[in-house]
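Chain and residue survey
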Amino acid sequence: MTVVTTTLQMLAPPRTAPRPFPEDVRLDRAARVSPEYARFLYGLVGGPWHWTDRLGWSRQQWVDELATAATEFWVLYGDGNPLGYVHLHPQPADGGTAVEIRYFGLAETAIGRGLGGRLLEHGVRAAWTLPERAGIPAVSRVWVHTCSLDGPAALANYRARGFVATGSEETDEDVPDRPIGSWVATGGPAG
């Protein structure tokens, strides 16, 4: 299957504040996420969209990934359950810090509730204000990759929040006909 990966960025914070969430939804910052919870969120959100790259990672690979200084997860909750998340991954860059939105998305049960744009808006604000919480150099760039294996609204959502495409790449990848789903991606048995 041909997979199109698009890189997008923003070089200045948005001028408008993020829209609020409904009263029954809250967003929590998690500065230190366990490898188990990070993997669970990855599978919960990515299982329906062919996110499989990290499912085979060892615990140590997850530990190493999460050890990057100032890494944050912002987890969206409703009725006590995770509804989605944003994983911010800062990196030193010329002129300051580049923050990658490493992963972003909603659980299947949260799709269609008007939460995706709001979650991204709050994640973008968190990326730009990361130095205030982590004591790192000022953010000069917030960026993200999205691909044709992500949810169908992903690219439009990034563009609607002010991200600008800086390039795209096509690769041929061996992808199953159907995503494995959240159940299997979070460790449940197939079948």
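In the block above lies the structure referred to throughout.
A brief look at the structure comes next. (Residues numbered from 1 in each chain as written. Predicted model: local features only at pLDDT ≥ 70, side-chain atom pairs only at ≥ 80, totals over all residues. Heavy atoms only, no water.)

**Side note on the pairing of strand β5 (residues 96–106)**
Put simply, the test is: When a residue's accessible area, from a 1.4 Å probe over protein chains only, is under 20% of the maximum for its type it is buried; when over 50% it is exposed; and in between it is partly exposed. Only DSSP runs of H or I with at least four residues qualify as helices, and only runs of E with at least two residues qualify as strands; both kinds are numbered from the N terminus onward. Strands are treated as partners if at least two bridges between them are detected by DSSP.
A large share of β5 lies buried, amounting to eleven of its eleven residues. For strand β4 (residues 81–93) and β5, the ladder comprises ten bridges, and the chain directions are antiparallel. By the bridge assignment, P92 is partnered in β5 with T97. Linking β4 to β5, which pair antiparallel, is a turn of two residues; within it G95 sits at a positive phi near 80 degrees. Where β5 lies against strand β6 (residues 139–147), four bridges are found, and the strand directions are parallel. Each bridged residue has a counterpart across the sheet, and for V99 the counterpart in β6 is V142.

**Description of the nonpolar core**
Note the threshold: We call a set of buried residues a nonpolar core when its members are Ala, Val, Leu, Ile, Met, Phe, Trp, Tyr or Cys and they connect through side-chain atoms within 4.5 Å of each other. Pairs of residues are marked as contacts when any of their non-hydrogen atoms sit within 4.5 Å.
Counting residues in each nonpolar core, the largest one holds 28 residues, and the members touching the most others are L76, L88, I101, L115, V142, Y158 and F163. Of all the secondary-structure elements, those providing two or more residues to this core are β1 (2–10), β3 (72–78), β4, β5, α3 (116–128), β6 and α5 (154–160). Examining the composition of this core, we find that six residues originate from one element, α3, more than from any other. Excluding its chain neighbours within four sequence positions, the residues that come into contact with I101 are V86, H87, L88, L120, V124, V142, W143, V144 and F163. One finds L41, V45, W62 and F73 within the second-largest nonpolar core, a separate group that totals 15 residues.

**What about the sheet that holds β1?**
Selection criterion: What counts as an axis is a line fitted to C-alpha atoms, over the stretch in contact for a helix, and the angles between N-to-C directions run from 0 to 180 degrees.
If you walk across this open sheet you meet the seven strands as β2-β3-β4-β5-β6-β1-β7, and the pairing is mixed. Two strands in the sheet have a free side with no partner beyond their single neighbour: β2 (25–30) and β7 (164–172). Strand-to-strand twist across the sheet, computed as the mean angle between neighbouring axes with direction ignored, equals 20 degrees. Direction of pairing for β1 relative to β7: antiparallel, over a ladder of eight bridges. Bridged to T5 within β7 is E169. Helix α1 (residues 35–46) rests against β3, β4 and β5 of the sheet, and its axis sits at about 115 degrees to β4.

**Overview of α1**
Spelled out, the test is: One less than the residue count of a helix, multiplied by 1.5 Å, gives the span that helix is expected to have.
Over its twelve residues, α1 runs 16 Å from end to end, which matches the ideal 16 Å to within 8%, given 1.5 Å per residue. All buried positions along α1 are accounted for by P35, A38, L41, Y42, G43, L44, V45 and G46.

**Side note on the pattern of salt bridges**
Operational definition: Just to be clear on terms, a salt bridge is a Lys or Arg side-chain nitrogen sitting within 4 Å of an Asp or Glu carboxyl oxygen.
According to the stated counting rule, one finds nine salt bridges in the structure shown. A salt bridge links R26 to D28, with the nearest nitrogen and oxygen atoms 2.9 Å apart. A relative accessible area of 27% places D28 in the partly exposed class. Residues E36 and R59 are paired through a salt bridge, measuring 2.6 Å at the closest nitrogen-oxygen approach. Of this pair, E36 sits in helix α1 while R59 is found in helix α2 (residues 59–66), placing the two residues 23 residues apart along the sequence.

**A few points about the environment of R125**
Along the chain, R125 falls in helix α3. Considered as a pair, R125 and W57 are 68 residues apart in the sequence and their alpha carbons are 30 Å apart. In this structure R125 touches P14, T16, A17 and P18, once residues within four positions along its chain are discounted.

**Side note on a negative patch on the surface**
Operational definition: For patches, a residue must show more than 30% relative accessible area and have no salt bridge; joins then use 9 Å for like charges and 5 Å for nonpolar side chains, namely Val, Leu, Ile, Met, Phe, Trp and Tyr. Residue burial considers only the protein chains on display, and all accessible areas are found by Shrake-Rupley using a 1.4 Å probe. The charge count treats Lys and Arg as positive and Asp and Glu as negative. His and the chain ends do not count. Every charge is mapped onto a representative atom, which is NZ of Lys, CZ of Arg, CG of Asp or CD of Glu.
Residues D53, E169, E170, D172 and E173 make up a contiguous surface patch of negative charge. Note that D172 resides in strand β7.

**Let's talk about unusual backbone geometry**
A positive phi angle, near 70 degrees, is found at H50, a position not held by glycine. Note that H50 resides in the loop between α1 and α2. Phi at A70 is positive, roughly 70 degrees, even though this residue is not glycine. In this structure, A70 sits in the loop between α2 and β3.

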